[in-house]
2 protein chains.
Amino acid sequence: MGPRVNSAALAERLTGVIGPRATIARGVLDQHGQSESYYRALPPDIVVYPETTAEVVEIVKLCAGVNMPIVPFGAGTSLEGNASSVEGGVCIDFARMNKVLTVHDSDMNVVVQPGITRKQLNAELRGTGLFFPIDPGADASIGGMTSTRASGTMAVRYGTMKDNVMALEVVLADGRVIRTARRARKSAAGYDLTRLFVGAEGTLGVITEVTLKLHPLPQAISAAVCSFDTLHNAVDTAIGIIQAAIPVARVELLDDVMMRGINAYAKLGYREAPTLFFEFHGSESAVAEQAELAQAIAAEHGGRGFEWARAPEDRSRLWHARDNTLYAGLGLRPGARAVITDVCVPISRLAECLTETRRDADEHGFTAPIVGHVGDGNFHMLILVDPAKPDEIDGAKALQARMVDRAIAMDGTCTGEHGIGLGKIDYLTDELGEAVDVMRSIKTALDPEGLMNPGKIFAGAKP
Amino acid sequence: MGPRVNSAALAERLTGVIGPRATIARGVLDQHGQSESYYRALPPDIVVYPETTAEVVEIVKLCAGVNMPIVPFGAGTSLEGNASSVEGGVCIDFARMNKVLTVHDSDMNVVVQPGITRKQLNAELRGTGLFFPIDPGADASIGGMTSTRASGTMAVRYGTMKDNVMALEVVLADGRVIRTARRARKSAAGYDLTRLFVGAEGTLGVITEVTLKLHPLPQAISAAVCSFDTLHNAVDTAIGIIQAAIPVARVELLDDVMMRGINAYAKLGYREAPTLFFEFHGSESAVAEQAELAQAIAAEHGGRGFEWARAPEDRSRLWHARDNTLYAGLGLRPGARAVITDVCVPISRLAECLTETRRDADEHGFTAPIVGHVGDGNFHMLILVDPAKPDEIDGAKALQARMVDRAIAMDGTCTGEHGIGLGKIDYLTDELGEAVDVMRSIKTALDPEGLMNPGKIFAGAKP
């Protein structure tokens, strides 16, 4: 990387472009260096709040001119340090680019700015009969979800961001603006640049507009909870449902440790055993049929106390408990921070992977609740650590490493939905070997100076 | 491009690697230069039939050493000259790499060699309860379908190749072999190289292994036919079905001209009016419910004579007619060749795009049947021409150009599923502008000598 201008001088030039929406206020910088996970704070030198693509272009050009790194920032909910400023630089916060630009209701898609959060988007869609289903738990921004290739509880039915982003507007490292696709539901026109930027974690360009698929609101929704004596039985139930082609909208696994946390956090009285939370979407009769089939499959695997929640208030109580697993998990050990990790394996190996991971955590004395999007083979472990005890953090990282190794050995991936960020750079190479060199070639082709979100996905300052 | 060795000398070296499975026999070369469409023959200098990835690596390295172009070849069913040898070179025919490598039935996926065709694959899957649904009409190879980002009649329910390829093994231009992903159902690990190679038409590397998602065979299938007085009514019915979230497995539009061709070709007596062909997949009760809802929506739009086909033999008669639209279309003008083109537009613009295109063809005196995967907004026109009359071919190309311009002006794409190949290079730039430069940068990064399927997607010999 060449010589940089000092950040005060750059901040002054940025102020020339966007006025007081460029700041070097300490509190703001610090806030943009933190994350929900255990990573140390890595603040930027400057934070900017653009309102238009044209402003983003000016910001990128100014940064490029002085070799200043550029880090896009959404809602700050990522879990692998994906939006931290490893080399300082300019953090582009999209809080003010959070508009719905156009709802194409008869086409069932929408064009939004990247700063809008998924909940804001769904609030704006009220009355259209459509919704955006992808739900990673946190109220993440659409830009962040796109860049992380997020998924969450509804992916088993509606896919991940990969499947729901139709087109992107992107500002490249040299300030060019491209649109990756048009608004047709499918296309065979050239390389799939949309999918290249989905999951690139801001390392190839800055996303300034996202066209998303929407889905019709289901006519009926029902939810259910069912507990099992073993993780194996719970997982076999989930797999049985997938293999029977029951279009379940969500099927979430919470292990006994997590159920203990949920009960304490939300003052509930669930059985503290491996538990599946279900949701079914469709017509009244389709939902009833799906739920009956799921209940029958659960019963075959020793499922106990299948509890229905058809009324909206019962469903929200149930899913509120599920949505707060991070805080419920943290509550199991007051004052703790969480080393949060996620892997995804072929579903035939999921029970084995979960059981071995559960045993490994227990044997090493960690309180480490597990929650999984089991229809996809994806699960998370929250390893609770005392942030003041480096030994514990090292132990948690070693436990995480064994979990990732186990997943890769089962032909799985080191991350199903959190991305590589800072935390999984080495694992990416373990998983994909020389393919990572191909990724690096693409990075170099599009960002030769290595200014776009440096330090993420790849090791070293330059790709 | 640097100096080439002469092809006889290269053929000798290739024979050293794979014995008599390298050939320069005229008949074989000519056969590999033809296509199903109107493009002139562009044969390779040598055809090779590897049996292993290791052999493909040796072939690629030998070719790279002497600057010889490399053109992968599947079943030869592509429609835009995608597998023609524009600059001669070595055509890698995957006919002998057509094995199912591993069926992972409990994970619902399969690893195959690229030369297997979709019908062969489904024959091999018999007894597993699983199938591979993507159906572009022709019995294309899986490698070719992957490289073209093919889709077809089932895409409305099961997605395109983009959605059904999980991982690829690829031999790069320098002979390196990479695997783009592991076998998890989702991943957020680094750039999505799988989707980069899906639809790259062999211009970035040679695919030697494909991991595909499979789907449970539906418990019940039913099919139906219904005719309409106008294209508009037929399209509105299809859109109504999509917007009502009815998970229709196929919804195909054939216009009055195509219905005339079908009746003549298959000796059937359908009404010669815009017609929708439906197929529904699911449980017995789900299929019945879907079909009733679809029938009600069709009735609202003046659909006539909704004809059911529940028995397998009735369904196959019905779909056999649909599957032979190319030959049925050609039968409308004996001796003709077809200029075949496809576009895809947002569904809200589909009726307008179809109607204007139909009128344009009629006004210019072309016999040009239309068939569409209308649930996706995708349709094809077969413009019948006398291959001996250059004027007609020019007129057909001008008609095609207006159809593509119309689609792009409606925020659609110049190709929904046939790819860019030779025929749509200029349209790609019309559609995506500077994004095509980004594609070029990627091409240059991965294939600096421009040896991989040159002349496709981009204009000029080198990217």
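Residues numbered from 1 in each chain as written. Chains lettered and ligands numbered in written order. Predicted model: local features only at pLDDT ≥ 70, side-chain atom pairs only at ≥ 80, totals over all residues. Heavy atoms only, no water.

### A few points about the overall build of chain A
Here's step 1: The helix and strand inventory of chain A stands at 17 helices and 18 strands.
Here's step 2: Taken over the C-alpha trace, chain A has a radius of gyration of 22 Å; the compact-globule value for 463 residues is 23 Å, and the two agree within 12%.
Here's step 3: Viewed in the frame of its principal axes, chain A has a C-alpha envelope of about 65 × 55 × 40 Å.
Here's step 4: Residues counted as buried form 62% of the 463 residues belonging to chain A. (Helix = DSSP H or I, 4+ residues; strand = E, 2+ residues; numbered from the N terminus. Rg over C-alpha atoms; globule rule 2.2 N^0.38 Å. Buried < 20%, exposed > 50% of the residue type's maximum accessible area, 1.4 Å probe, protein only.)

### Digging into the UniProt feature "domain: FAD-binding PCMH-type" (unreviewed entry) in chain A
Here's step 1: Sequence positions flagged by UniProt for "domain: FAD-binding PCMH-type" (unreviewed entry) are, in local numbering, residues 39–217 of chain A.
Here's step 2: Between the C-alpha atoms that bound residues 39–217 of chain A there is a distance of 38 Å. The span itself is 22% helix and 23% strand. (UniProt positions renumbered as here; feature names shortened; annotations may be inferred.)

### Focus: the sheet that holds strand S13 (residues 250–254) of chain A
Residues and elements named next belong to chain A.
Here's step 1: Read across the open sheet, the 7 strands follow the order S15-S12-S14-S13-S17-S18-S16; overall the sheet is antiparallel. In the strand order of this sheet, the two ends are held by strand S15 (304–309) and strand S16 (337–344), each with one partner. Direction aside, neighbouring strands of the sheet carry axes that sit 15 degrees apart on average.
Here's step 2: Pairing geometry for strand S12 (residues 220–227) and strand S14 (residues 275–282), over 8 bridges, is antiparallel. Bridging across to S14, Cys226 finds its partner in Leu276. (Pairing = 2+ DSSP bridges. Axes fitted to C-alpha atoms, helices over the stretch in contact; angles between N-to-C directions.)

### Considerations on the pattern of salt bridges
Residue and element names in this part refer to chain A.
Here's step 1: Across all of its chains, the model carries 61 salt bridges over all chains by this definition.
Here's step 2: Of the charged contacts, one joins Asp229 and Arg271 as a salt bridge, the two residues approaching to 2.6 Å between their closest N and O atoms. One end of the pair, Asp229, is in the loop between S12 and helix H9 (231–243); the other, Arg271, is in the loop between helix H10 (256–266) and S14, and 42 residues separate them in sequence.
Here's step 3: Note on Arg271: relative accessible area 32%, which makes it partly exposed. (Salt bridge = Lys/Arg side-chain N within 4 Å of Asp/Glu carboxyl O.)

### With respect to the pairing of strand S17 (residues 370–373) of chain B
Residue and element names in this part refer to chain B.
Here's step 1: Here S17 shows a buried face lined by Ile370 and Gly372 and a second buried face lined by Val371 and His373.
Here's step 2: Strand direction decides the pairing type here: strand S13 (residues 250–254) and S17, joined by 3 bridges, are antiparallel. Counterpart to Glu252 in the pairing with S17 is His373.

### Describing unusual backbone geometry
Here's step 1: Within the chain, Asn67 of chain A stands out as a residue other than glycine whose phi angle is a positive 55 degrees.
Here's step 2: Its place among the elements puts Asn67 of chain A in the loop between helix H3 (53–65) and strand S3 (70–73).

### So, the packing of aromatic side chains
Here's step 1: Under the counting rule described, the total for this entry stands at 15 aromatic pairs over all chains.
Here's step 2: Between Phe280 of chain B and Trp308 of chain B the ring centres are 6.5 Å apart and the planes differ by 45 degrees, which places this aromatic pair in the tilted class. In this pair, Phe280 of chain B sits in strand S14 (residues 275–282) while Trp308 of chain B sits in strand S15 (residues 304–309), placing the two residues 28 residues apart along the sequence.
Here's step 3: If you follow Arg250 of chain A out to its NZ or CZ, it ends over the ring of Trp319 of chain A, 4.4 Å from the centre. (Phe/Tyr/Trp six-rings, centres within 6.5 Å; stacked < 30°, edge-to-face > 60°. Lys NZ or Arg CZ within 6 Å of the ring centre and 35° of its normal.)

### Considering empty space enclosed by the protein
Here's step 1: This model, assessed by the stated rule, comprises 6 cavities of 30 Å³ or more.
Here's step 2: Size it by volume and the largest cavity reaches roughly 300 Å³.
Here's step 3: Mapped by element, the contributors of at least two residues to the lining of the largest cavity are strand S8 (165–171) and helix H8 (193–197) of chain A together with helix H16 (425–432) of chain B.
Here's step 4: Counting residues per element, the lining of the largest cavity draws most heavily on H8 of chain A, which supplies 3 residues.
Here's step 5: Considering only residue class, the lining of the largest cavity consists of 9 nonpolar, 7 polar and 10 charged. (1 Å grid on protein atoms, 1.4 Å probe; cavity = no way out; pocket = protein on both sides within 12 Å on 5 of 7 lines; lining within 4 Å. Points joined across faces, edges and corners; volume = space filled by probe spheres on them. Nonpolar A, V, L, I, M, F, W, Y, C, P; charged D, E, K, R; others polar.)

### Concerning the relation of the copies chain B and chain A
Here's step 1: Once chain B is rotated about the relating axis by 180 degrees and shifted along it by 0.0 Å, it coincides with chain A to within an RMSD of 0.0 Å. Here the two chains are linked by the operation of a two-fold rotation axis.
Here's step 2: Taken as a fraction of all interface residues of chain B, those also at the interface in chain A reach 100%, which identifies the copy contact as same-surface. (Least-squares fit on C-alpha atoms with pLDDT ≥ 70 in both. Contact = heavy atoms within 4.5 Å.)

### Thoughts on the domain arrangement of chain A
Residues and elements named next belong to chain A.
Here's step 1: By the assigned domains, chain A splits into domain 1 (7–95), domain 2 (98–216), domain 3 (220–314) and domain 4 (333–432).
Here's step 2: Each of domain 2 and domain 4 has a C-alpha centre, and the two are 28 Å apart.
Here's step 3: Listed as interface residues are 9 residues of domain 2 and, on the opposing side, 9 residues of domain 4.
Here's step 4: Of the roughly 570 Å² buried between domain 2 and domain 4, counting both surfaces, carbon and sulfur atoms make up 44%.
Here's step 5: The three residues of domain 2 that bury the most area against domain 4 are Thr148, Val156 and Glu201, which together make up 54% of that side's buried surface.
Here's step 6: Along the contact surface separating domain 2 from domain 4 lie 0 salt bridges.
Here's step 7: Scanning the region where domain 2 abuts domain 4 turns up 4 residue pairs in polar contact (both at pLDDT 80 or more).
Here's step 8: For the side of domain 2 that touches domain 4, the residue count by class is 3 nonpolar, 4 polar and 2 charged. (Domains from an automatic or database assignment. Buried area = accessible area lost by both parts, 1.4 Å probe. Polar contact = N/O pair within 3.5 Å; in protein donor to acceptor, adjacent residues only side chain to side chain.)

### Observations concerning the sheet that holds strand S18 (residues 378–385) of chain B
Residue and element names in this part refer to chain B.
Here's step 1: On the basis of which strands lie adjacent, the open sheet formed by 7 strands has the order S15-S12-S14-S13-S17-S18-S16 and antiparallel pairing. Looking at which strands have only one partner, the edges of the open sheet turn out to be S15 and strand S16 (337–344). Taken over all neighbouring pairs, the strand axes of this sheet differ in orientation by 15 degrees on average, direction set aside.
Here's step 2: Contacting strand S12 (220–227), S14 and S15, helix H11 (residues 284–300) crosses the sheet at an angle of about 155 degrees to S14.

### Examining the side chain of Lys456 of chain A
Residue and element names in this part refer to chain A.
Here's step 1: One can find Lys456 in the segment after helix H17 (435–446).
Here's step 2: Of the side chains bearing the opposite charge, Glu201 lies closest to the buried Lys456, which forms no salt bridge; the N-O distance is 6.9 Å.
Here's step 3: A distance of 3.1 Å separates the side chain of Lys456 from the backbone oxygen of Asn82, its partner in a polar contact. (Lys, Arg positive; Asp, Glu negative; His and termini not counted.)

### So, the environment of Val28 of chain B
Residues and elements named next belong to chain B.
Here's step 1: Its location among the elements puts Val28 in helix H2 (residues 26–31).
Here's step 2: Measuring from C-alpha to C-alpha, the distance between Val28 and Asp360 comes to 40 Å, with 332 residues separating the pair along the chain.
Here's step 3: When near neighbours in sequence (up to four residues on either side) are disregarded, Val28 contacts Thr23, Val47 and Tyr49.

### Considering the interface of chain B and chain A
Here's step 1: Contacts between the two partners involve 82 residues from chain B, matched on the other side by 82 residues from chain A.
Here's step 2: Taken together, both faces of the contact between chain B and chain A bury some 6500 Å²; the carbon and sulfur share is 58%.
Here's step 3: For the chain B face of the interface with chain A, the top three residues by lost area are Arg182, Lys186 and Tyr191 of chain B, together amounting to 15%.
Here's step 4: For the interface between chain B and chain A, the tally reads 8 salt bridges.
Here's step 5: Among the salt bridges present, the one from Asp411 of chain A reaches Arg182 of chain B, with a minimum N-O distance of 3.6 Å.
Here's step 6: Counting the contacts that link chain B with chain A gives 37 residue pairs in polar contact (both at pLDDT 80 or more).

### Structural notes on the pairing of strand S6 (residues 109–112) of chain A
Residues and elements named next belong to chain A.
Here's step 1: Alternating positions in S6 separate into two faces, Asn109 and Val111 on one and Val110 and Val112 on the other, with burial throughout.
Here's step 2: Where strand S5 (residues 100–104) lies against S6, 4 bridges are found, and the strand directions are antiparallel. In the sheet register, Thr102 faces S6, and the bridge partner there is Val111.
Here's step 3: In sequence, S5 turns back onto S6 through a hairpin of 4 residues, with Met108 there showing a positive phi of about 60 degrees.
Here's step 4: Where S6 lies against strand S10 (residues 206–213), 4 bridges are found, and the strand directions are antiparallel. Across the sheet, the residue bridging to Val110 is Leu212, located in S10.

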